[in-house]
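Secondary and tertiary structure notes
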Amino acid sequence: MKKIFALLVLLGTALLFGTAGASDVGKIEIGQACMQGIASVGFLFAGIFGLLLCRMDEIRLRRIRHAKQMRQRTIG
């Protein structure tokens, strides 16, 4: 899942830079540039939010493993 979210971040970044470049050159109009900009920011936020959720799951699993190890040390 982390790779998918990282790909979303990469896609959003590339789309945002591409939109900015096309807008500067005049290849797309303002309305289309705004729509593409909103879409790229959406990709960025979705990817970053997904990466944060994956990170929170990793931290939760690490805490569970640590708690099990501490219980084994005190019992054994």
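Scroll up a little and you will see the structure.
Structure report, in brief. These numbers were taken from a predicted model, which means no experiment stands behind them. (Residues numbered from 1 in each chain as written. Predicted model: local features only at pLDDT ≥ 70, side-chain atom pairs only at ≥ 80, totals over all residues. Heavy atoms only, no water.)

On to the pattern of salt bridges, then. Scanning the model with the defined rule gives two salt bridges in all. The partner of E58 in a salt bridge is K2, with the nearest N and O atoms 3.2 Å apart. Here K2 lies in helix α1 (residues 2-25) and E58 lies in helix α2 (residues 30-75), a separation of 56 residues in the sequence. Look at E58 and you get partly exposed, because its relative accessible area is 27%. (Salt bridge = Lys/Arg side-chain N within 4 Å of Asp/Glu carboxyl O. Helix = DSSP H or I, 4+ residues; strand = E, 2+ residues; numbered from the N terminus. Buried < 20%, exposed > 50% of the residue type's maximum accessible area, 1.4 Å probe, protein only.)

Relative to the elements of secondary structure, S40 occurs in helix α2. Apart from residues lying up to four places away in sequence, S40 is in contact with G12, L15 and L16. (Contact = heavy atoms within 4.5 Å.)

Here α1 spans 35 Å end to end across 24 residues, near enough to the 34 Å set by a 1.5 Å rise per residue. F5, G12, T19 and A22 are the residues of α1 that are buried. Summarising the contacts, the buried residues of α1 are in contact with α2. Directly after α1, the chain includes G26, whose backbone phi takes a positive value near 95°. (Expected span 1.5 Å × (residues − 1).)

This paragraph deals with α2. The terminal C-alpha atoms of α2, which comprises 46 residues, lie 67 Å apart, in line with the 68 Å expected from a rise of 1.5 Å per residue. By the burial criterion, the buried members of α2 are A33, G37, S40, L44, G47, G50 and C54. In this fold, the buried residues of α2 make contact with α1.

Shape descriptors only; they carry no functional weight alone.
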